[in-house]
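Topology and contacts: notes
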Amino acid sequence: MLQKLLSSNEATLRDNANLRQKSLVPMGKVEMLLPMEIGDYTDFFSSMHHAKNCGTIFRGPANAVPANWFHLPIAYHGRASSVVISGTDIVRPRGQFAPSGNSPPPFGPSQKLDFELEMAAVVGPGNELGKPIDVNEAADHIFGVMLMNDWSARDIQAWEYVPLGPFLGKSFGTTLSPWIVTLDALEPFACDSPKQDPQPLPYLAEKISKNYDISLEVQIKPAGKEDSCVVTRSNFKYLYWTLTQQLAHHTINGCNLRSGDLLGTGTISGPEPESLGCLLELTWNGQKPLSLDGFTRKFLEDGDEVTFTGFCKGNGYTVGFGTCSGKIVPSTP
């Protein structure tokens with residue numbers, strides 16, 4: 001009924017100004033909330049371009065992508081308690097950094113604070129403990145997708161991540177847009193996923209393997225500036241591992257997912273320099289500062305505001321994902 005009332009070809013609300021005034025509330029007067037209660041949050045690492053770039057930066061081109069990456073959707077478990085709604089300020093995290101020589105590790109506010117352009121799947125129906133979800137039925141367990149910024153403190157992460165993976169370099173904040181777009185609404189924008197070589201194991205082999213043509217953009221408004229600068233234009237279709245493969249792999253050991261669980265895609269980077277999904281890649285770990293209309297950035301500074309947008313362009317219509325934004329505020333003493 002609600003969809004019918006809001007459709008452009010339904011006159012009840014469209015042609016009644018008095019009813020529209022009573023029924024609709026300006027977004028500027030509304031406090032947006034997280035659209036679901038998140039029990040668990042998992043973040044994947046599903047973009048081949050991102051994996052290659054990060055591996056090259058830290059390990060060199062010869063060992064850029066570990067062998068297991070092409071056989072399974074790698075992920076880690078994030079912190080659901082620090083997932084926040086768009087518009088929430090992000091406090092610069094503090095932590096330890098890699099020491100030089102035999103010195104003890106320095107401690108203080110992160111100097112390499114970064115954004116990560118991601119999207120996230122929201123689990124609909126879950127599964128029972130011990131009963132994996134078939135990859136060809138996985139779409140039935142995904143309610144929809146939304147914009148996500150998995151903020152990252154690169155210097156904290158670099159020192160802590162061996163041997164168990166990300167911890168304090170990630171758990172200080174993850175921002176979501178308030179809007180979930182269902183897979184049904186995305187079906188007109190389905191497209192082929194990249195060819196996977198080698199062939200995935202049978203439990204990850206899909207009868208129909210697809211991604212979605214979702215245009216993504218990142219803007220940064222530097223501290224003290226009125227205008228934002230576009231720093232990235234990427235697309236969801238660049239993901240190597242599909243949403244359904246991610247979900248099926250998550251459950252193959254019998255892990256039970258629950259309604260409202262959040263599955264981040266990992267940073268979505270494309271093949272071109274302007275399609276890289278984080279400052280780590282855009283500045284090549286600070287070696288090539290980014291120009292922002294008279295300002296330069298290696299990583300995010302206090303007062304910088306980052307905004308993600310996403311949309312699918314149809315024939316005469318657009319499916320939007322709203323905005324996913326957050327501003328960096330100084331570390332607490």
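Residues numbered from 1 in each chain as written. Predicted model: local features only at pLDDT ≥ 70, side-chain atom pairs only at ≥ 80, totals over all residues. Heavy atoms only, no water.

Within an unreviewed UniProt entry, the label attached to the protein reads Fumarylacetoacetase, and the organism entered is Citrus sinensis. Listed under Pathway (unreviewed entry) in UniProt, the entry text for the protein is "Amino-acid degradation; L-phenylalanine degradation; acetoacetate and fumarate from L-phenylalanine: step 6/6." (UniProt positions renumbered as here; feature names shortened; annotations may be inferred.)

Our next topic: the nonpolar core. Counting residues in hydrophobic clusters, the biggest one holds 46 residues, and the most contacted among them are Phe115, Met119, Leu186, Ile214 and Phe321. Every residue in contact with methionine 119, bar those within four places of it in the chain, is listed here: Val145, Met146, Leu147, Met148, Ile214, Leu216, Phe236, Leu263, Gly264, Thr265, Ile268 and Phe321. Among the nonpolar cores identified, the runner-up in size contains eleven residues, and Ala120, Val122, Met146 and Met148 belong to it. (Core = buried A, V, L, I, M, F, W, Y, C linked by side-chain atoms within 4.5 Å. Buried < 20%, exposed > 50% of the residue type's maximum accessible area, 1.4 Å probe, protein only. Contact = heavy atoms within 4.5 Å.)

The next subject is the pattern of salt bridges. Summed over all chains, the structure comprises 14 salt bridges. Lysine 170 serves as the salt-bridge partner of aspartate 150, at 3.5 Å between the closest nitrogen and oxygen. Remark: lysine 170 occurs in the loop between helix 5 (154–160) and strand 11 (174–176) and aspartate 150 occurs in the loop between strand 9 (142–149) and strand 10 (152–153); sequence separation between them is 20 residues. The pair formed by aspartate 150 and lysine 170 is uniform in burial state, with each residue classed as buried. Between arginine 233 and glutamate 217 there is a salt bridge, and its shortest N-O distance comes to 3.1 Å. With arginine 233 in strand 16 (residues 229–235) and glutamate 217 in strand 15 (residues 215–221), the pair connects residues that are 16 residues apart, well separated along the chain. A single network of salt bridges, built from pairs that share partners, joins Asp114, Glu116, Asp150, Arg154 and Lys170. (Salt bridge = Lys/Arg side-chain N within 4 Å of Asp/Glu carboxyl O. Helix = DSSP H or I, 4+ residues; strand = E, 2+ residues; numbered from the N terminus.)

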